[in-house]
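Here is what each chain is made of, one letter per residue.
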Amino acid sequence: MPARPYILAESTWETVRNTPYEVAILPWGATEAHNRHLPYATDTMQCDAVAAESARLAWDAGAKVIVLPTVPFGVNTGQREVPLCLNMNPSTQQAVLYEIAESVQLCGVKKLLILNGHGGNDFRQIIRELQPKLSLLLCQIHWFRCVKPDPFFTTPGDHAGELETSVMLEIAPDLVRPLSEAGPGAENPFKIRGFREGWAWTQRRWVDATDDTGTGNPHDASRDKGRKYMDAVSRQIAGFLVELAAADIKDLHE
Ligand SMILES: [Zn+2]
């Protein structure tokens, strides 16, 4: 496979120093259990795939974008009892993001998009704190929230459910165990109404909230659903990248 010009890991110094990139994309995944049928790198692989396809579409439309290597460690403090769920605390993520962002801005790239693929990661407060210390623009997209999943799935689910399973059937089918092996992904609801209805929030202790580490039923998943959803998500993000690449970061408001 020839090198893709929008993937840093596949690019050489000669190419990189002669390309005026406008947007860097930092995909950010996690390493954690995903029911009995999906691999631990599910969030990271999905980030890789969404970032690469969105960047390809944006590049073909003329936007100079570059995908950085995916960070495979997410916030997993709720999964401490689940073996080898690898946690990276938000404060560590902030330090990592700051140092990557500084490296990116040193070569003149003016925008950095964090493409998040894990529900426990959220860079909003980190961006609020880091933005005044940086000259490049920081922003984030949760890729699984940028297109409404309802028309694509019966019940999308939250973690290792129909949405994630369908996407994995599209991007890494050999790593998906037969769905007959998957648990039902039923979530044990909170006893307190506010938490249950979602207008009050506390972190879920994963071993109490789930029986098979999944929250979402994977059994209606299909590769076709995954392909259609990935296409819609990639087109949505590519459109954003084209706009972002062309934007003047000092003039973002009408
Ligand atoms: Zn996941």
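In this text, all values refer to a predicted model and were calculated from it rather than measured experimentally.

## A short note on the sheet that holds strand E4 (residues 137–142)
Reasoning step 1: Reading across the sheet, the 4 strands line up as E2-E1-E3-E4 and stay open at both edges, with parallel pairing between neighbours. Two strands in the sheet have a free side with no partner beyond their single neighbour: strand E2 (65–67) and E4. Averaged over neighbouring strand pairs, the angle between their axes works out to 25° when direction is ignored.
Reasoning step 2: Direction of pairing for strand E1 (residues 23–28) relative to strand E3 (residues 111–116): parallel, over a ladder of 6 bridges.

## Notes on unusual backbone geometry
Reasoning step 1: You will see that Ala-160, though not glycine, has its phi angle at about 65°, which is positive.
Reasoning step 2: Structurally, the position occupied by Ala-160 is in the loop between E4 and helix H5 (162–171).
Reasoning step 3: Phi angles above zero are rare outside glycine, and Thr-213 is one such case at about 70°.
Reasoning step 4: Examined against the element boundaries, Thr-213 turns out to sit in the loop between helix H7 (206–209) and helix H8 (223–246).
Reasoning step 5: By relative accessible area, Thr-213 is classed as buried at 16%.

## With respect to the pattern of salt bridges
For side chains of opposite charge, pairing can occur when their charged atoms come near one another.
Reasoning step 1: Scanning the model with the defined rule gives 15 salt bridges in all.
Reasoning step 2: A salt bridge links Arg-177 to Glu-181, with the shortest nitrogen-to-oxygen separation between them at 2.9 Å.
Reasoning step 3: By relative accessible area, which is 34% here, Glu-181 ends up partly exposed.
Reasoning step 4: Between Arg-227 and Asp-224 there is a salt bridge, and its shortest N-O distance comes to 3.8 Å.

## Re the layout of surface pockets
Reasoning step 1: In this structure, the largest pocket spans a volume of roughly 1100 Å³.
Reasoning step 2: In terms of lining, the largest pocket is formed by 43 residues, of which the most central are Gly-119, Gly-120, Arg-145, Asp-158 and Arg-204.

## So, the coordination of the zinc ion
Reasoning step 1: Note on the zinc ion: its protein donors are His-34 (NE2), Asp-43 (OD), Glu-164 (OE) and Glu-164 (OE). The metal-donor distances range over 1.8 to 2.7 Å.
Reasoning step 2: For the zinc ion, the 4 donor atoms in the first shell make angles of 52 to 144° at the metal, a pattern classed as irregular.
Reasoning step 3: Taken in chain order, the donor set of the zinc ion reads H-x8-D-x120-E. Taken together, the positions of Asp-43 in helix H2 (residues 42–60) and Glu-164 in helix H5 put the pair 121 residues apart, joining distant regions of the chain. Taken individually, Asp-43 and Glu-164 each receive the classification buried, so the pair is uniform in this respect.

## Structural notes on the packing of H2 against H5
Working note: a packed helix pair is described by the angle between its axes plus the distance between those axes.
Reasoning step 1: Orientation of H2 relative to H5, taken along the N-to-C sense of each, is 60°, at an axis distance of 10 Å. Judged by the inter-axis angle, H2 sits oblique to H5. Of the two possible hands of crossing, H2 and H5 adopt the one that is left-handed. Contacts from Thr-42, Asp-43, Met-45, Gln-46 and Ala-49 in H2 reach Glu-164, Val-167, Met-168 and Ile-171 in H5.
Reasoning step 2: Considered class by class, the residues forming the contact of H2 with H5 number 5 nonpolar, 2 polar and 2 charged.

## A look at H2
Reasoning step 1: The end-to-end C-alpha distance of H2, which contains 19 residues, comes to 27 Å, matching closely the 27 Å that a straight helix rising 1.5 Å per residue would cover.
Reasoning step 2: Residues Thr-42, Asp-43, Thr-44, Gln-46, Cys-47, Ala-49, Val-50, Ala-51, Ala-52, Ser-54, Ala-55 and Ala-58 constitute the buried set of H2.
Reasoning step 3: Of the residues flanking the end of H2, it is Gly-62, one or two places downstream, whose phi is positive at about 100°.

## Let's talk about the packing of aromatic side chains
Reasoning step 1: Within the structure shown, the criterion is met by 8 aromatic pairs.
Reasoning step 2: Centroid distance Tyr-6 to Trp-59: 6.3 Å. Interplanar angle 50°. Geometry classified as tilted. Here Tyr-6 is found in the segment before helix H1 (13–17), whereas its partner Trp-59 is found in helix H2, with 53 residues between them in sequence.
Reasoning step 3: Its relative accessible area of 7% is what places Tyr-6 among the buried residues.
Reasoning step 4: Summarising the aromatic geometry, the rings of Trp-143 and Tyr-229 are spaced 6.4 Å apart at their centres and angled 50° between planes, so their arrangement reads as tilted. Within this pair, whereas Trp-143 is found in the loop between E4 and H5, its partner Tyr-229 is found in helix H8, the two being separated by 86 residues in sequence.
Reasoning step 5: Accessibility expressed as a relative area gives 0% for Tyr-229, which makes it buried.
Reasoning step 6: An aromatic cluster is built from Trp-143, Phe-144, Phe-152, Phe-153 and Tyr-229, whose rings are joined through pairwise contacts.
Reasoning step 7: Above the plane of the ring of Trp-13 lies Arg-17, whose end atom (NZ or CZ) is 3.8 Å from the centre.

Reading guide: rules and limits
Residues numbered from 1 in each chain as written. Predicted model: local features only at pLDDT ≥ 70, side-chain atom pairs only at ≥ 80, totals over all residues. Heavy atoms only, no water. Pairing = 2+ DSSP bridges. Helix = DSSP H or I, 4+ residues; strand = E, 2+ residues; numbered from the N terminus. Axes fitted to C-alpha atoms, helices over the stretch in contact; angles between N-to-C directions. Buried < 20%, exposed > 50% of the residue type's maximum accessible area, 1.4 Å probe, protein only. Salt bridge = Lys/Arg side-chain N within 4 Å of Asp/Glu carboxyl O. 1 Å grid on protein atoms, 1.4 Å probe; cavity = no way out; pocket = protein on both sides within 12 Å on 5 of 7 lines; lining within 4 Å. Points joined across faces, edges and corners; volume = space filled by probe spheres on them. Donors = N, O, S within 2.8 Å, 3.2 Å for Na, K, Ca; no water. Tetrahedral: all angles 85-135°; square planar, octahedral: opposite > 155°, others 65-115°. Parallel < 35°, antiparallel > 145°, perpendicular 65-115°, else oblique. Left-handed = near helix turned anticlockwise from the far one by under 90°. Contact = heavy atoms within 4.5 Å. Nonpolar A, V, L, I, M, F, W, Y, C, P; charged D, E, K, R; others polar. Expected span 1.5 Å × (residues − 1). Phe/Tyr/Trp six-rings, centres within 6.5 Å; stacked < 30°, edge-to-face > 60°. Lys NZ or Arg CZ within 6 Å of the ring centre and 35° of its normal.

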